[in-house]
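Structural overview
Here are the chains, one letter per residue:
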Amino acid sequence: MSKFLQFPDGFLWGSATSAFQVEGGCKNHDFYDWARQGRVKDGSNPAEAVDFWERYPEDIPLMREMNHNAARIGLEWARIEPEQGRFDPDALAHYRKMIETMKAAGIEPVITLHHFANPLWFVRAGGWESRQAPELFTRYVSQVIGALGDLVTWWVSINEPNVYTFYAYLQGSFPPGQRSFILAQKVRKNLLKAHGLAYDLIHQHYQSHSWPEPKISIAIHLRTFDPISQSPLDKLAVRSMNRLFHQEFIDPVTDKLDYLGVQYYSGDLVRFPMQMLNRPGLPKNVLGWDIYPEGFNRVLTWAWERYHLPILVTENGTCDDDDELRPGFITEHLIQLHRGIGQGVKVLGYLHWSTLDNFELVEGLSIRFGLIHVDHDNPEKPRKIKGSGRLFAKIAKANGLEMKS
Ligand code: BGC
């Protein structure tokens, strides 16, 4: 027996990338510099990536072949503003063509303004620790809006401010490799302030040009945290994690979100004070992350009950070398998403991470997240839609999926 799970009319189906993880060619940002210093596990670097910058005219038709009606791509700040205050009209014109190509293919663009990487001049000026950071970011955003705003409704201001703060300023695995609670607090406040300023600026610009209302959000990484035992200390640790990782990154900007961009990968069991552990009995991906589809339902219902904002899933996915796990991963997670919709959660769309195998942040090119396979060893970097990509195409076309009972 099977049952067809129908998704709402107008549901957005697509996948997501970020600029430095796919474009290649740009060496003017901190993630390239970090790789140059030997900080990427497999020795690859994002200047290589998968050449989306030049190959987008071939890649966008592949998105279409997977029946995408939406896709998320990023803009590289370091390309658009290669030196402080100097904006590159060619880079903006190139992004304009990219976005026009998406629209001509019937793909709604969801555009990310900041996805982890920062221009080197910005880092030298103090990066996100500096009090100037929100204004510098907003100046870049105003150039982008002037050049591209007429083409775009959906914006992600800042990708995963919580993950960025955690990895770059507490755990030290992203540049600038800091480990300081005080700096992390400063950076969190500056990122959220930057979002707020960008939000106001974009709304004002659209209003003054009588363009249709833009939709702007941060993309927040949500996890499930559960206590490893019933001890009050472990429960306290869970409350702290929820506050530090989730609430403190969303609560201060709830009046400046037109929707909530939710990204879900996995969950953790927590032991006091802050130890994250796997949940016994669950399958794991190659990075050892638990595959926990119920957690997707839990974060969606949590976000809806707390914030009452329509949700766009801006990332959800797993790494999987031979695409064995991914088809099941997609099916199971969509079943949980659909269950959430049935429980009253307003979900506008689902963007899978990622469109193509790409440059993974700390691991490099050897880890595969794509619906499309890229042969990194071949200089031509040939693309091929994987089985999971075909499955995704089928689901998107049907606007739903069969659930076996
Ligand atoms: C990030 C992506 C990253 C993915 C897989 C997300 O947290 O936004 O840039 O590639 O996780 O690790």
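Summary of the structure given here. (Residues numbered from 1 in each chain as written. Predicted model: local features only at pLDDT ≥ 70, side-chain atom pairs only at ≥ 80, totals over all residues. Heavy atoms only, no water.)

Some thoughts on the packing of aromatic side chains
The cut-off we apply is this: Each Phe, Tyr or Trp ring, with Trp reduced to its six-membered ring, pairs with another whose centre is within 6.5 Å; inter-plane angles below 30 degrees give stacked pairs, above 60 give edge-to-face pairs, and intermediate values give tilted ones. Per the convention used, a helix needs a DSSP run of H or I reaching at least four residues, while a strand needs a run of E reaching at least two, with both numbered from the N terminus. Think of it in three bands: residues with accessible area under 20% of the maximum for their type are buried, residues over 50% are exposed, and the middle band is partly exposed, with areas taken using a 1.4 Å probe on protein chains only.
In this structure the tally under the stated criterion is 35 aromatic pairs. Their ring planes at 70 degrees and their centres at 5.2 Å tell us that F31 and F174 sit as a pair that is edge-to-face. Of this pair, F31 sits in helix 2 (residues 30–36) while F174 sits in the loop between helix 8 (161–171) and helix 9 (181–208); the two residues are 143 residues apart in sequence, bridging distant segments of the chain. Neither F31 nor F174 differs from the other in exposure class; each is buried. Taken together, a centroid distance of 5.2 Å and an interplanar angle of 65 degrees make the contact between F122 and W128 edge-to-face. As far as the burial class goes, F122 and W128 line up, both buried. Among the aromatic residues, those joined into a cluster by ring pairs are F20, F31, F116, Y164, F166, Y167, Y169, F174, F225, F245 and F359.

Examining the pattern of salt bridges
Note on pairing: side chains with opposite charge can pair once their charged atoms come close. Let me state the cut-off plainly: What makes a salt bridge here is a side-chain nitrogen of Lys or Arg within 4 Å of a carboxyl oxygen of Asp or Glu, nothing more.
Under the criterion given, the structure shown has 24 salt bridges. The partner of D290 in a salt bridge is K284, with the nearest N and O atoms 3.5 Å apart. Its relative accessible area of 3% is what places D290 among the buried residues. Each of R96, E100 and D150 takes part in a single network of salt bridges with overlapping partners.

A closer look at the pairing of strand 7 (residues 260–271)
Basically, it comes down to this: Strands pair, by our definition, only if DSSP identifies at least two bridges between them.
Of all the twelve residues making up strand 7, eleven are buried; the element is thus mostly covered by neighbouring parts of the structure. Relative to strand 9 (residues 311–316), strand 7 is paired through five bridges, and the arrangement is parallel. Note on strand 9: the bridge partner recorded for G261 is L312. Summarising the sheet, strand 7 and strand 8 (residues 275–277) pair through three bridges and their orientation is antiparallel. Looking across to strand 8, one finds that L269 is bridged to L277.

With respect to the packing of helix 12 (residues 326–342) against helix 13 (residues 387–398)
Rules: Where helices are involved, their axes are fitted lines through C-alpha atoms of the stretch in contact, as for all axes, and angles between N-to-C directions lie from 0 to 180°. In this scheme, roughly parallel covers angles under 35 degrees and roughly antiparallel covers those over 145, while 65 to 115 is roughly perpendicular and the rest are oblique. By convention, the crossing between two helices is left-handed when the near helix turns anticlockwise from the far helix through less than a right angle, and right-handed when the turn is clockwise. Working rule for contacts: check all heavy atoms of both residues, and any pair within 4.5 Å makes them a contact. Think of it as three bins: nonpolar holds Ala, Val, Leu, Ile, Met, Phe, Trp, Tyr, Cys and Pro, charged holds Asp, Glu, Lys and Arg, and polar takes everything else, Gly as well.
Where helix 12 meets helix 13, the closest approach of the two axes is 8 Å, and the angle between their N-to-C directions is 30 degrees. In terms of axis orientation, helix 12 runs roughly parallel to helix 13. The interaxial crossing formed by helix 12 with helix 13 has right-handed handedness. Judged by residue contacts, R326, P327, I330, T331 and L334 of helix 12 engage S388, L391 and I395 from helix 13. Here the contact of helix 12 with helix 13 is built from residues that sort into five nonpolar, two polar and one charged.

Some details on the site of the ligand
Inclusion rule: A cutoff of 4 Å decides nearness: a residue is near a molecule or strand if any of its heavy atoms lies inside that distance of it. Polar contacts, as counted here, are pairs of nitrogen or oxygen atoms within 3.5 Å of one another; within protein the pair requires one atom able to donate a hydrogen and one able to accept it, and residues that are adjacent in sequence qualify only if both atoms are side-chain atoms.
Near the ligand lie 14 residues; those nearest to it are Q21, H115, E160, E315 and E360. A distance of 2.7 Å separates an oxygen atom of the ligand from a polar side-chain atom of Q21. Taking H115, its side chain carries an N or O atom lying 2.8 Å from an oxygen atom of the ligand. Of the residues assigned to the shell around the ligand, the class counts are six nonpolar, five polar and three charged.

Notes on helix 7 (residues 133–148)
Filter applied, for reference: A helix is expected to span 1.5 Å multiplied by its residue count minus one.
For helix 7, built from 16 residues, the straight-helix expectation of 22 Å at 1.5 Å per residue is met to within 8% by its first-to-last C-alpha distance of 22 Å. A133, P134, L136, F137, T138, Y140, V141, V144, I145 and L148 are the residues of helix 7 that are buried. Considering only its buried residues, helix 7 is in contact with helix 4 (77–80), helix 5 (89–104), strand 4 (108–114), helix 6 (120–124), strand 5 (154–159) and helix 9.

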